[in-house]
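Chain by chain, the residues:
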Amino acid sequence: MAEKIAGGERLSDADAVTLFETPDILAVGALADAVNRVKHGDRVTFAANQHLNPTNICILRKTCVFCSYARLPKEEGAYRYTLEQVFAEAALTDGITREFHIVGGLDMGAGIQYYSDIFRGLKERYPYVHIKALTAVEIAHLARIESMSVADVLRALREAGLDTMPGGGAEVFSPAVRETIADRKLAADEWLDVHRTAHALGIRSNCTMLYGHVETTADRVAHLSALRGLQDATGGFLAYIPLAYHPDHNELGKTLGREGTATSGFDDIRNLAVGRLYLDNIDHIKTHWVMVTPYLSQAALAFGVDDIEGTMVREKVYHEAGAQTAQHMALPDILRLIRGAGKIPVERDALYQVVREHGDDDGSPVVHAA
Ligand code: V47
Ligand code: SF4
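Note that this is a predicted model, so its numbers are computed, not measured.

What exactly am I supposed to notice about the site of ligand 1 here?
The environment of ligand 1 is formed by 24 residues, the closest being Phe66, Lys132, Gly168, Gly169 and Glu171. In the environment of ligand 1, an oxygen atom lies 3.1 Å from a nitrogen or oxygen atom belonging to the backbone of Gly168. Alone, ligand 1 offers 620 Å² of accessible surface; in the complex the protein occludes 95% of this. When contributions to the shell around ligand 1 are tallied by element, the ones reaching two or more residues are strand S5 (205-211) and strand S6 (237-244). It is S6 that contributes the most residues to the shell around ligand 1, three residues altogether. For the shell around ligand 1, a count of residues per class yields 12 nonpolar, eight polar and four charged.

As structure tokens, then:
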């Protein structure tokens, strides 16, 4: 396989199975690191971003059994922010954030008007901030409740300020896995169609895979193959982010007897490295320090990863599911983490353009003019 990779030859599905199953994780890492160095040298990017979760009310609350975040409308802990609450939360990072990452539940009370008002209000206050918002599942939900096509929903939201889309909701595409962990969620083809439509409209997006629950190696490879296939057709994916399943406070964790037992560091690092090697047409592989710990994310920088989740500010989805990591990482800590791996930190915008090269500075935030 090393010759294939050195010669720039595409890996087969059988190669991906081998990469997922070999115990020689160091060999997998060395291959992924070599590919990453050719693409990105020693540079590791991150964004000064803030996660906003305007509503946790979700009609799929009972059927996405891996999710700890969602609530039914009258359930304890259910919330839907008013516009003022969203803007108050956004103001926490006034002038520093370059990207709002906005996702929530499938809330019948949060239609296109609600999200358009949020996006418009944020753009009015922070015209220089990029809005990465709404997974394919949320876009399809809006299309359904508003009786609009997906393309029209995307056009309307772009008009209101949406710039790119995050990669959530993909989970694992296998119908059998979906039936077990996310019955009633948007099917694989529909998820891919929403992204295809977005890409055709010039809206770039990310892609993900939720791993470490009931999926098999074959399921993982088929999932990655579908992502690679769509990327061949559109070129619209910016980054791939493997998402480590968190088993606390959700039905699936109870059923599997996995509460308190997250994925293994071995599997976390392998998923990142295989992503780098197999997804030869996706430029950026992002490690999510909230999910896998900052320590593992740092080590992953030697296993094919060129991008690390940013400052985040107030992460909710994984903390509800048992993540023990912080909800925020200050800029100096991100710089220290990247430099500690012998890499050069580069702050980027959502489209991976350079905002600031961090030479030896201490990470004092740049406050952006409105
Ligand atoms: O789709 C929900 C996942 C996703 C759990 O695009 C869980 O830059 C693990 O997609 N254990 C939403 N994962 C988050 C997401 C994301 C995150 C960071 C960056 C980007 C990006 C996208 O969170 C959901 C689902 O796959 N999720 N519950 C859980 N218990
Ligand atoms: Fe709702 Fe998303 Fe949670 Fe599923 S994963 S219940 S769609 S918030």
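Help me understand the site of ligand 2, please; the structure alone is not making it clear to me.
Taken together, Cys58, Leu60, Cys64, Phe66, Cys67, Ala70 and Lys185 make up the full set of residues near ligand 2. Within the shell around ligand 2, the residues separate by chemical class into six nonpolar, no polar and one charged.

Is there a simple way to explain the side chain of Asn271 in this structure?
In this structure, Asn271 sits in helix H12 (residues 265-278). On the basis of relative accessibility, which here comes to 1%, the residue Asn271 falls in the buried class. Ignoring sequence-local partners within four residues, the contact set of Asn271 consists of Phe20, Met209, Tyr211, Arg220, Tyr240 and Pro242.

I'm lost on helix H4 (residues 83-90) in this one. Help?
Structural remark: α-helix, 3.6 residues per turn; residues separated by three or four positions point the same way. All of the buried residues along H4 are Val86, Phe87, Glu89 and Ala90. Along the long axis of H4, the arc covered by the buried residues comes to 160 degrees, so they all point the same way. Those residues of H4 that are buried lie in contact with strand S2 (49-52), strand S3 (99-102) and helix H5 (112-125).

Sorry, what's going on with the pattern of salt bridges here?
By the definition in use, this model includes 20 salt bridges. Linking Asp15 and Lys4 is a salt bridge whose minimum nitrogen-to-oxygen distance equals 2.6 Å. Of the two residues, Asp15 is situated in helix H2 (residues 13-21) and Lys4 in helix H1 (residues 2-6); the sequence distance between them amounts to 11 residues. Take Asp15: its relative accessible area is 13%, and that puts it in the buried class. Taking relative accessible area as the criterion, Lys4 reaches 22% and is therefore assigned partly exposed. For Glu357, the salt bridge goes to Arg43, with nearest N and O atoms at 3.0 Å. One end of the pair, Glu357, is in strand S10 (residues 354-357); the other, Arg43, is in strand S1 (residues 43-46), with 314 residues separating them in the sequence. Look at Glu357 and you get partly exposed, because its relative accessible area is 43%. What emerges from the salt-bridge pattern is a single network uniting Arg10, Asp232 and Asp280.

Explain the packing of helix H9 (residues 188-200) against helix H10 (residues 217-234) to me, please; I cannot follow it from the model alone.
Think of two packed helices as two axes; the pair is described by the angle between the axes and how far apart they sit. Taken N-terminus to C-terminus, the directions of H9 and H10 make an angle of 20 degrees; their axes are 11 Å apart at the nearest point. Classified by the angle their axes make, H9 and H10 are roughly parallel. The hand of the H9/H10 crossing is right-handed. On H10, the residues that touch Trp191, Leu192, His195, Arg196 and His199 of H9 are Ala226, Leu227, Leu230 and Thr234. Of the residues in the contact of H9 with H10, the class split is five nonpolar, three polar and one charged.

Here is what the cut-offs are and how they apply
- Residues numbered from 1 in each chain as written.
- Chains lettered and ligands numbered in written order.
- Predicted model: local features only at pLDDT ≥ 70, side-chain atom pairs only at ≥ 80, totals over all residues.
- Heavy atoms only, no water.
- Near = heavy atom within 4 Å.
- Polar contact = N/O pair within 3.5 Å; in protein donor to acceptor, adjacent residues only side chain to side chain.
- Areas by Shrake-Rupley, 256 points an atom, 1.4 Å probe, with all protein chains shown as cover.
- Helix = DSSP H or I, 4+ residues; strand = E, 2+ residues; numbered from the N terminus.
- Nonpolar A, V, L, I, M, F, W, Y, C, P; charged D, E, K, R; others polar.
- Buried < 20%, exposed > 50% of the residue type's maximum accessible area, 1.4 Å probe, protein only.
- Contact = heavy atoms within 4.5 Å.
- Arc of directions from axis to C-beta.
- Salt bridge = Lys/Arg side-chain N within 4 Å of Asp/Glu carboxyl O.
- Axes fitted to C-alpha atoms, helices over the stretch in contact; angles between N-to-C directions.
- Parallel < 35°, antiparallel > 145°, perpendicular 65-115°, else oblique.
- Left-handed = near helix turned anticlockwise from the far one by under 90°.

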